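Fold and geometry: a report
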Amino acid sequence: MRLHSTLASWSEVRSSAEYRDRTIGFVPTMGALHEGHRSLLERARRECGRVVLSIFVNPTQFNDPTDLERYPRTLESDCLLANGLADDVVMPAPGEMYPDKYAFRVTEHDFSRILEGAHRPGHFDGVLTVVLKLLNIVRPHRAYFGEKDWQQLQLVRSMVDALFVPCEIVGCPTVREDDGLAKSSRNRRLSPAARALAPRFAAILRQSNNADAAAASLRSAGFEVDYVSDWERRRLGAIRIEGVRLIDNVLL
C-alpha cells in the first residue's frame, strides 16, 4: 500500500500501466477509520481491480472551527486498518486541494438546505466540492459511501448525475456496534455514561410510531434533538449528547 502526500505522486501512479484497463474503486474518508470504513474498502476490494482510499480532513465542511480542531487524526492506525485492502492512499494537504482558497464551490439549492443542511450551514457545499475534486483526482469507476450519512449519499448521487461525472456511486449499509450504535469516529468522544446511553438513539428511531413521537422519546431519554424526520421510507435524526453530535437513520 502506497501513501501519496502530494497529488503529483498519485497522478504518476494513476497514469501508469498498473491502473490502465482496471476497474478502480474509491473510498473517500476524513481518516479516523473504523469498521464502517473497512466494510467499504472490503466491498471495493471484492468488486474492483484497484482500490484507492483518500484521507483528507476537509476544512470547508466544518461550520464549527472547534469541531475541525477536535477531529481525530490517526494516520498510523488508519494505515493498519486499510493495509491489504487499499492499493494507494491519497492524502493531500489543504493548500493543494484548495489552491483557489475555496473561491469555487458546488452548491445545491434544495435538498441540502434541510435536515443536516438546516443545522450546519455551508456543510454540504464543502462536502460536494471536495467530493467532486476527489472524483476528478482519482477518476474511479465506482465510489463507495456509507448509508449512515444518507442525505450526503443522495446529494453526491444527484451531483454526479447532474454534472455528468462518469462514476457509479455505491451506497453501503450502516455498520453498527453489537448494541446497535452506528459506527462513527465521533463515538470516541463519548464518555462511558454517554456511550451507554447512545444506543437508545437508533432504537428509538426504529421503534417509534412517527417522527414526532421519536423526537419526544429521545428528549425524554436525555438527548438534545436537532431533528427527526421521515423522508422517503427513512427516518433520519440528529442528536447531541454531552456536546457530541451524532446522526443516524433507519429504514421504515
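The structure reproduced in this document is the subject of the present report. (Residues numbered from 1 in each chain as written. Predicted model: local features only at pLDDT ≥ 70, side-chain atom pairs only at ≥ 80, totals over all residues. Heavy atoms only, no water.)

What the rule picks out here adds up to three cavities of 30 Å³ or more. A volume near 950 Å³ is recorded for the largest cavity. In terms of lining, the largest cavity is formed by 47 residues, of which the most central are Met-30, His-37, Lys-148, Asp-149 and Gln-152. Counting only elements with at least two residues in the lining of the largest cavity, the list comes to strand 2 (24–29), helix 2 (35–47), helix 7 (123–138), strand 5 (142–146), helix 8 (150–162), strand 8 (234–241) and strand 9 (244–251). Looking at which element gives the most residues to the lining of the largest cavity, the answer is helix 7, with six residues. For the lining of the largest cavity, the per-class residue count stands at 21 nonpolar, 17 polar and nine charged. Considering only enclosed or pocket space, the second largest cavity measures out at about 70 Å³ in volume. Looking at the lining of the second largest cavity element by element, the count peaks at three residues for strand 9. Broken down by class, the residue content of the lining of the second largest cavity amounts to six nonpolar, two polar and two charged. (1 Å grid on protein atoms, 1.4 Å probe; cavity = no way out; pocket = protein on both sides within 12 Å on 5 of 7 lines; lining within 4 Å. Points joined across faces, edges and corners; volume = space filled by probe spheres on them. Helix = DSSP H or I, 4+ residues; strand = E, 2+ residues; numbered from the N terminus. Nonpolar A, V, L, I, M, F, W, Y, C, P; charged D, E, K, R; others polar.)

Turning our eyes to something else, we now look at the layout of surface pockets. Estimated volume of the largest pocket: approximately 160 Å³. Considering the residues around the largest pocket, the lining is formed by 13 residues, among which Ile-55, Phe-56, Val-57, Arg-73 and Met-91 are closest to the centre. Each residue belonging to the lining of the largest pocket can be placed in one class, and the counts come to nine nonpolar, two polar and two charged.

What follows concerns the environment of Pro-59. Along the polypeptide, Pro-59 turns up in the loop between strand 3 (50–55) and helix 3 (65–70). Accessibility expressed as a relative area gives 28% for Pro-59, which makes it partly exposed. A sequence separation of 71 residues divides Pro-59 from Val-130, and the C-alpha atoms of the two residues are 9.6 Å apart. Once you skip the residues sitting within four places of it in the chain, Pro-59 turns out to touch Leu-68 and Tyr-98. (Buried < 20%, exposed > 50% of the residue type's maximum accessible area, 1.4 Å probe, protein only. Contact = heavy atoms within 4.5 Å.)

The strand order across the open sheet built from three strands is 7-8-9, with neighbouring strands paired in antiparallel fashion. The sheet is open, and its two edges are formed by strand 7 (224–231) and strand 9, each paired on a single side. Neighbouring strand axes in the sheet, compared pairwise and without regard to direction, differ in orientation by 10° on average. Together, strand 7, strand 8 and strand 9 form the strand contacts of helix 10 (residues 200–207), whose direction differs from that of strand 9 by roughly 35°. Most of the contacts of helix 11 (residues 211–221) go to strand 7, to which it runs at about 160°, and overall it touches strand 7 and strand 8. (Pairing = 2+ DSSP bridges. Axes fitted to C-alpha atoms, helices over the stretch in contact; angles between N-to-C directions.)

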